[in-house]
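As a plain string of letters, each chain reads:
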Amino acid sequence: MFPLELDPWEVLKQHIMSDYLNHEGHELTLRALYRLYGEAEEERDFFSSTTATSAYDTFLLTVAETLRDSFPASDKSLSRLLAEVPYLPKSVFKLLECLCSPGNSGKDEKELQCGDRVTQGLSAVWNLILLRPPIRDACLKIALQSAVHHSEEVRMKAIRLVANKLYPLSSVAQQIEDFANEILLSVVNGDHATGRTETEGSSTEFQKDSNLEKSSDEHSSGSAIAKEIASDTQQSCTSQTISSSSISEAQRCMSLYFALCTKKRSLFRQIFIIYKSTSKAVKQVVHRHIPILVRTIGSSTELLEIISDPPPGSKNLLIQVLHTLTDGAIPSPELILTIRKLYDSKVKDIEILIPVLPFLSKDEVLLIFPHLVNLPLDKFQATLVHTLQGSPHSGPVLTPAEVLIAIHGIDPERDGIPLKKVTDACNACFEQRQIFTQQVLAKVLNQLVEQIPLPLLFMRTVLQAIGAFPALVEFIMEILSRLVSKQIWKYPKLWVGFLKCALLTKPQSFSVLLQLPPAQLENALNRTAALKAPLVTHANQPNIRSSLPKSVLVVLGIASDSQTTSQTQTTQGQLVPCQTRDASKLDKEVVSENAKESSSAS
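Residues numbered from 1 in each chain as written. Predicted model: local features only at pLDDT ≥ 70, side-chain atom pairs only at ≥ 80, totals over all residues. Heavy atoms only, no water.

A.B. asks: Describe the overall build of the chain, with residues and values.
C.D. replies: Summing up its helical and strand segments, the chain has 33 helices and 0 strands in all. Residues counted as buried form 50% of the 602 residues belonging to the chain. Within the chain, contacts between residues separated by at least 24 positions form 73% of all contacts whose residues are at least 6 apart in sequence. As presented, the chain carries roughly 28,600 Å² of accessible surface, and 52% of it is formed by carbon and sulfur atoms. (Helix = DSSP H or I, 4+ residues; strand = E, 2+ residues; numbered from the N terminus. Buried < 20%, exposed > 50% of the residue type's maximum accessible area, 1.4 Å probe, protein only. Contact = heavy atoms within 4.5 Å. Areas by Shrake-Rupley, 256 points an atom, 1.4 Å probe, with all protein chains shown as cover.)

Structure below.
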């Protein structure tokens, strides 16, 4: 029978650790520990019991620390020993805490900062949770504390253990879920660094008590564990000022919950619920996690339910989810139907349709096109690319020509779209000259010129086309000639643009101007004085002059005829009688605007 003095135990410990494997260190350690445990349990007297307990604690801790320091992290000797000893004292729990959450104590733990050592500690904790139910809660707390560690490397190792191996266990699943939810809500409430509760010290929880593993298997709530760890984290970070809105702190508190969402998809709704109330930093963390999370979940039933009825204030989050679901993938018919119903019934925001735009029919896209133009310019530009690229399955939703024609089909008054939005949309198209080519513009203008009435921005687009593609000038002359036949002067706004175009394209436009009736020609020359002198020179050429009617020559001042002049003045006085005053004001505005656009386009 061994005496209870420490010296023999020290000799035995040195013998065991000198060659743990060859000296059957595991078996000898267990024999010694069970002997000491038996001495402590007999309680023959207080001194003997206390001495045996102290010897047990010291012996086990020394062997455990030596195994930790002497063997590689991949070695299982420490995990095996802790699983088979009679009981685990507080000192061993502290050892596991230091392994799983390095840096949380004030001691120098450089050797323990190695990621492999963290894995070693977490592996031992997992083993204990599986094999020793009475201390399951204490070990779970260590794992959860590591899952919200300030070091991302440590945190992610713990999260993988908790989400992949512990959460599937029914005995601890609810505690893990409660804890993750509590930490998540603490970010929203801003109390994750201050939530403290009066709880028994760890010495009470982990104190040596032979009844610890003999008691009933009671589980503490995940909420209580969360509050304890929040308090512990604050104490470990007293040297730092961690703001509740910092990205790193939000990341620390939310990563575990996101990991659990991949295992239990119904948890994802909570992210949508809290989104409205979170800070910008928290929102940034949420958006950072969404792509990986959504790709993992996919178009599941749970996610479709969230999309069909999103919590208030979660629009931006919803849109990111929809973009992620459709990025590089063909959305399911159920997803497209869910989004359509949402737009038609609850969320009248065109942005939620953009992710599935390439998968809608052409008629559907044309129907909502004015609302797309009404988006902020940067979003319209992104949508334009989305529309023109379409999907790999069905190709472009609209061709470039159809896009421009649709833009010109917008009536600001009828559709409730500001005119500037429409002009900005045109400009966005002209910026992409590799897509909206010379051929595309010719096709568009050729169709627009036949519309009745002519589109409001038709002449503006003609001017932009000339600036972007000077080679179109001959084609533009044909367009102008057709406009003369359509009596373009009857449309004051378009008439101003027509004259501006004629000025920019002289001398090619002279033949078109000479097609105007005398009254309209005189009106044109009065409005645009810079045209008169070169036009007269052109018309005075013998071959040109001979082909012109005398009334035109009179307007040009090449010939004189009092009767013709009188008739011309009478006709001119009847020109657009109800709009003369408005046209005069409009001429100055549009000519000024077009001059700026033409110079910038050139």
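A.B. asks: Mind laying out unusual backbone geometry, listing which residues take part and the relevant values?
C.D. replies: The peptide bond linking Ile-452 to Pro-453 adopts the cis configuration, its omega dihedral lying at -5°. Here Pro-453 is to be found in the loop between α23 (438-448) and α24 (458-468). A cis amide bond links Lys-506 to the next residue, Pro-507, at an omega of 10°. For Pro-507, the position within the fold is in the loop between α26 (492-504) and α27 (510-513). In the Ramachandran plot, Gln-487 falls in the positive-phi region, its phi being about 55° despite a non-glycine side chain. Of the residues examined, Gln-487 reaches a relative accessible area of 32% and is grouped as partly exposed.

A.B. asks: Talk me through the side chain of Thr-423; I want residue IDs and the actual numbers.
C.D. replies: In this structure, Thr-423 sits in helix α22 (residues 419-430). Of the polar contacts made by the side chain of Thr-423, one reaches the backbone oxygen of Lys-420; its length is 2.8 Å. Apart from the residues within four sequence positions on either side, Thr-423 is in contact with Leu-457 and Arg-460. (Polar contact = N/O pair within 3.5 Å; in protein donor to acceptor, adjacent residues only side chain to side chain.)

A.B. asks: Which residues make up the environment of Ile-297, and what values do they have?
C.D. replies: By secondary structure assignment, the location of Ile-297 is in helix α14 (residues 280-297). Considered as a pair, Ile-297 and Leu-325 are 28 residues apart in the sequence and their alpha carbons are 9.6 Å apart. Not counting chain neighbours up to four residues away, the residues in contact with Ile-297 comprise Cys-261, Arg-265, Phe-268 and Leu-303.

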